[in-house]
Amino acid sequence: MGVKWLLVVLQISVVSRLLLCSEAQQKKTYIVHMDKAAKPEAFSDHLEWYSSVVRSVVSTGMDDVGAESGSSGRIMYAYKTAFHGVAARLDEEEARRLEREEGVLRVFPEVVYRLHTTRSPMFLGLGAADSTSEWGMKAGDGEVIVGVLDTGIWPESESFNDTGLPPVPGHWRGACETGRAFEKRHCNKKIVGARVFYRGYEAATGKINEQDEFKSPRDQDGHGTHTAATVAGSPVPGANLLGYAPGTARGMAINARVAAYKVCWTGGCFSSDILSAVDQAVADGVNVLSISLGGGVASYYRDLLSIATFGAMEMGVFVSCSAGNSGPDPISLTNVSPWVTTVGASTMDRDFPATVKLGTGTVLTGVSLYKGVRNLSPSRQYPLVYLGSNSSNPEPNSLCLDGTLNPKLVAGKIVICDRGISPRVQKGQVVKDAGGIGMILANTAVNGEELVADAHLLPAVSIGEKAGMAIKRYVLENPKATATMSFLGTRLGIRPSPIVASFSSRGPNFLSLDVLKPDVVAPGVNILAAWTGQLSPSGLATDHRRLKFNILSGTSMSCPHVSGVAALLKSKHPEWSPAAIKSALMTTAYIHDNTKSPLRDAATGEPSTAYDHGAGHINPVRAIHPGLIYDIQPQDYFDFLCQQHLSKDDLKIFAKTSNRTCRPPSRASPHPGELNYPALSALLFPQKSNSFPTATLHRTVTNVGTANSTYRARVSPFNGATIQVVPPTLQFTRLNQKLSYKVVFTSKSRQPGPEFGHLLWTDGDHRVRSPVVITWPILI
């Protein structure tokens, strides 16, 4: 009997342990946003209060609340600068109870974000590193610090050499955190700070395996090193990737400083870590934040990155974010908040051509970064095979996925692989493992004619959809089809350029049609920059090459171009607000390529629109002297949020203190389109009467050009509406003078889609161009 009871007790004990484990496993990370102004006087500081509030809802018998004590406590981070509150481990019931507590504004569940140049400085007109132009080194150029939220940094890269730089700016309050393979000596006058943020990541995925991953600021992935070097890399002569893109590699702002905030790990980038990094970066004293990552689009008050960057903007920090790589689908943008600069991607006038010569003598051009010992003779033809059943619908075999290629069918042959599903370079590895001697990577309809070069592991050429269709038809109709490939190195002066990248995410901004997004485009295709010494250029485990530089594509690459140019503008105009810098970038952007034709969309070959390129392609040389700027103060952005139908509690998320409230309509914009944005988006809603719909938008410009100047307005024609600018002339008599105008839109005939054009203010020396979009929304 005693034995039976002992067994029962043991069973109960085991079940209890399993239940407790189950409960622990059910805990998730939540970000708790607190009303800082609501702290009771009984608490000596905010963290003590935050901890008390969390402790009040924690189930009895569970682990201690803790306070920034790592994974052993409930509270993992305390946010104190750009955001106020904590990140804590809670179960769903605790999170629900916590949201009802006094002083708690909102409880957000953890969100996972994903990571979304020798030629580009010259292409952007910044000149050589030793240029004597306006962009040459001047007092103050080294005072700007750019915080890069990414995968860390590889400090040994020559791009982070600090020779010749003055002492670290006095306003810097950051730190150089140490860890595996990263010591204090790895920070210098270029890398002024480095921090790691992993508590949210570990809470969701388990402890980081420090044998496989650096639990330190050291960059294992390469993405962070590449973006940091693009922002502010020191000049490195003789840089190249396997001989491609040779020249002097340099960042946009060669004298700016870099602070690396490692928030991304092998399993992703978690919102609690990102939020803590933004909060810490602002406290550390960064002037610019470069964030090449994104998640899904959520309402402003539910988007943690949006909330955090609002706080950064309030503190005078310029924030640049990547638009995303989900193009060419419409409404595919991320990071659409008006207080951040959202950056799309475009090409440069540099290419890496390679050719495919078919047995028929037809020559088709593509791109490649292949450089290896296994070369194909251009004078010889090799068997060519395509394992798809037709030329238009990709299949597992035609996609060259792992385990799908039969060596008996591909050995000794060039294999045609359709692009999609798996990484581009990995397809070449699959072909190589199956005995293939080369690969032709064919775009499908999703990618169109856009070509991205890769450092392949076997002879390989990427070709556009049309060329791919032609080659596949040739193979399907000819069982003895043959081909060969040639690699032509680096070519400059490519025309037309720039072109909007097909992968670059597109507008409109469905959260607020009144605010045009993206803001601008910048180089983001085939960008050469510094690379980690831990990973091959292809990123494949089977690739044992280790190189100092790599070529990558994505809006992740275009974002740091804008961050670096913003750092340059900040150094020249330290008094400018983040909105003023964005305005200078937008109103001086260009919308024609080097053939003087409208910018094209790589996805269609047709002219791109403001939903694709925003205000246009950045022009740093003109941005330094924009003539006029559209400035926006934090309260203006808050008034914009007041027009978003948010509740009082939602607005408190951005208010942070009880002092920030919605201004009455007489002092604030009556609707979101009235935000003093450098772009105009008019919504012409249908009227119930027979009268034509109208819209009036007001703007205020600040003179930063010539004291005595007269600007006259010009508006491009529209089919569906007439536009009147009142007044049509602005007469300035001093610098920093502000003048206002209004634009009246009157519908003539409803158009089936949006119309695009521009408003141009010019005084003969400056051209201040704002994109204009007119939309006829459908009322449901």
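Residues numbered from 1 in each chain as written. Predicted model: local features only at pLDDT ≥ 70, side-chain atom pairs only at ≥ 80, totals over all residues. Heavy atoms only, no water.

An unreviewed UniProt entry lists the chain under the name Subtilisin-like protease SBT1.3, with Kalanchoe fedtschenkoi given as the organism. As its UniProt record puts it under Sequence similarities (unreviewed entry), the chain is described as follows: "Belongs to the peptidase S8 family." Under the UniProt heading Subcellular location (unreviewed entry), the note attached to the chain is "Secreted". (UniProt positions renumbered as here; feature names shortened; annotations may be inferred.)

Asker: Give a description of the overall build of the chain that names residues and reports values.
Answerer: A count of helical and extended segments in the chain gives 17 helices and 39 strands. Taken against the 2.2 N^0.38 rule, which gives 28 Å for 780 residues, the C-alpha radius of gyration of the chain at 28 Å falls within 12% of a compact globule. Its C-alpha atoms put the chain at 100 × 85 × 65 Å along the principal axes. The buried share of the chain, reckoned over its 780 residues, is 59%. Accessible surface, the chain as shown: approximately 30,700 Å² in total, 53% of it carbon and sulfur. (Helix = DSSP H or I, 4+ residues; strand = E, 2+ residues; numbered from the N terminus. Rg over C-alpha atoms; globule rule 2.2 N^0.38 Å. Buried < 20%, exposed > 50% of the residue type's maximum accessible area, 1.4 Å probe, protein only. Areas by Shrake-Rupley, 256 points an atom, 1.4 Å probe, with all protein chains shown as cover.)

Asker: Lay out the sheet that holds strand 2 (residues 75-79) with the relevant residues and their values.
Answerer: The four strands are arranged 2-3-1-4 in an open sheet whose pairing can be described as antiparallel. Each edge of the open sheet is held by one strand with a lone partner, namely strand 2 and strand 4 (104-109). Looking at each pair of strands side by side, their axes are set apart by 20° on average, direction ignored. In this sheet, strand 4 lies alongside strand 1 (residues 28-34) in antiparallel orientation, the contact comprising five bridges. Residue pairing in the sheet places Met34 in a bridge with Val104 of strand 4. Packed onto the sheet, helix 17 (residues 648-655) meets strand 1 and strand 4 and runs at close to 85° relative to strand 4. (Pairing = 2+ DSSP bridges. Axes fitted to C-alpha atoms, helices over the stretch in contact; angles between N-to-C directions. Contact = heavy atoms within 4.5 Å.)

Asker: Before we move on, could you go through the pattern of salt bridges and cite the residues and values that matter?
Answerer: A side chain with one charge may pair with a side chain of the opposite charge, provided their charged atoms come close. For the structure shown, the criterion picks out 24 salt bridges. The closest approach of N and O atoms between Arg506 and Asp601, which form a salt bridge, is 2.9 Å. In this pair, Arg506 is assigned in the loop between strand 26 (499-500) and strand 27 (520-523) and Asp601 in strand 30 (residues 600-601), connecting sequence segments 95 residues apart. Given the relative accessible area of 1%, Arg506 is considered buried. (Salt bridge = Lys/Arg side-chain N within 4 Å of Asp/Glu carboxyl O.)

Asker: Now, about the pairing of strand 22 (residues 438-442): what can you tell me, with residues and values included?
Answerer: Within strand 22, five of the five residues are buried, leaving the element largely enclosed by the surrounding structure. Residues Gly438, Ile440 and Ala442 line one face of strand 22 and the alternating positions Met439 and Leu441 line the opposite face, and both faces are buried. In the sheet, strand 21 (residues 414-418) pairs with strand 22 via five bridges, with the strands oriented parallel. The residue of strand 22 that forms the bridge with Val415 is Met439. Since strand 21 and strand 22 lie parallel, the crossover through helix 10 (residues 424-433) that links them has a hand, and here it is right-handed. (Right-handed = clockwise from strand over helix to strand, strands pointing away.)

Asker: Residue-level account of the sheet that holds strand 32 (residues 680-683), with values.
Answerer: Here we have five strands laid out as an open sheet, ordered 32-39-38-34-36, and mixed in their pairing. Of all strands in the sheet, those bounded by a partner on one side alone are strand 32 and strand 36 (729-732). The sheet shows a mean angle of 20° between the axes of neighbouring strands, direction not considered. Two strands pair when backbone bridges link them, and strand 32 and strand 39 (residues 767-775) are joined in this way by four bridges, in the parallel orientation. Bridged to Ala682 within strand 39 is Ile774.

Asker: Any details on the state of the cysteines? Residues and values, ideally.
Answerer: The final tally for this structure, using the stated rule, is four disulfides. Here Cys264 connects covalently by a disulfide to Cys269, the sulfurs 2.1 Å from one another. For the disulfide bridge between Cys264 and Cys269, the dihedral angle about the S-S bond is near 110°, and by the sign convention the bridge is right-handed. Linked covalently through their sulfurs, Cys400 and Cys417 form a disulfide whose S-S length is 2.0 Å. Its torsion about the S-S bond being -85°, the disulfide of Cys400 and Cys417 is classed as left-handed. On the criterion of sequence distance, the pair formed by Cys400 in the loop between strand 20 (382-386) and helix 9 (407-410) and Cys417 in strand 21 is long-range, its members being 17 residues apart. (Disulfide = S-S within 2.5 Å.)

Asker: Tell me what's going on with the UniProt feature "active site" (unreviewed entry) in the chain, and back it up with residues and numbers.
Answerer: With numbering aligned to this structure, UniProt lists the feature "active site" (unreviewed entry) at Asp150, His223 and Ser556. These annotated residues cover 407 residues of sequence, but their C-alpha atoms sit close together, with the largest distance between any two at 9.9 Å. You can see Asp150 is positioned in strand 6 (residues 145-150). Look at Asp150 and you get buried, because its relative accessible area is 1%. Excluding anything up to four places from it in sequence, Asp150 contacts Leu115, His223, Gly224, Thr227, Tyr261, Lys262, Val263, Cys264 and Ser292. Separated by 3.1 Å, the side chains of Asp150 and Thr227 make a polar contact. Along the polypeptide, Ser556 turns up in helix 12 (residues 555-572). (Polar contact = N/O pair within 3.5 Å; in protein donor to acceptor, adjacent residues only side chain to side chain.)

Asker: Break down the side chain of Thr342 for me, citing the residues and quoting the values.
Answerer: Mapped onto the elements, Thr342 comes out in strand 16 (residues 341-346). The exposure class assigned to Thr342 is buried, which follows from its relative accessible area of 0%. From its side chain, Thr342 meets the backbone oxygen of Asn335 in a polar contact 2.5 Å long.

Asker: Got a sec to walk through helix 2 (residues 46-55)? Specific residues and values, please.
Answerer: Of the positions making up helix 2, those classed as buried are Trp49, Tyr50, Ser51, Val53 and Val54. Among the structural elements, strand 1, strand 2, strand 3 (85-90), helix 3 (92-99) and strand 4 are those in contact with the buried residues of helix 2. A side-chain oxygen of the first residue of helix 2 lies 3.2 Å from the backbone nitrogen of Leu47; this N-cap is Asp45.

Asker: Talk me through the pairing of strand 10 (residues 257-262); I want residue IDs and the actual numbers.
Answerer: Most of strand 10 is tucked away: six of the six residues are buried. Across the two faces of strand 10 the burial is the same, with Arg257, Ala259 and Tyr261 and Val258, Ala260 and Lys262 all buried. Where strand 6 lies against strand 10, six bridges are found, and the strand directions are parallel. Its bridge partner lying in strand 10, Val146 is registered against Val258. Direction of pairing for strand 7 (residues 191-196) relative to strand 10: parallel, over a ladder of five bridges. The residue of strand 10 that forms the bridge with Gly193 is Ala259.

Asker: Go over unusual backbone geometry, please, and point to the residues and values.
Answerer: Look at the link from Arg495 to Pro496: it is a cis peptide, with omega at -5°. Along the chain, Pro496 turns up in the loop between strand 25 (491-492) and strand 26. With an omega of 0°, the peptide bond between Lys517 and Pro518 qualifies as cis. Within the secondary structure, Pro518 sits in the loop between strand 26 and strand 27. Positive phi, close to 55°, is recorded for Asn335, a residue that is not glycine. Its place among the elements puts Asn335 in the loop between strand 15 (318-322) and strand 16. Residue His645 is not a glycine yet carries a positive backbone phi of 60°.

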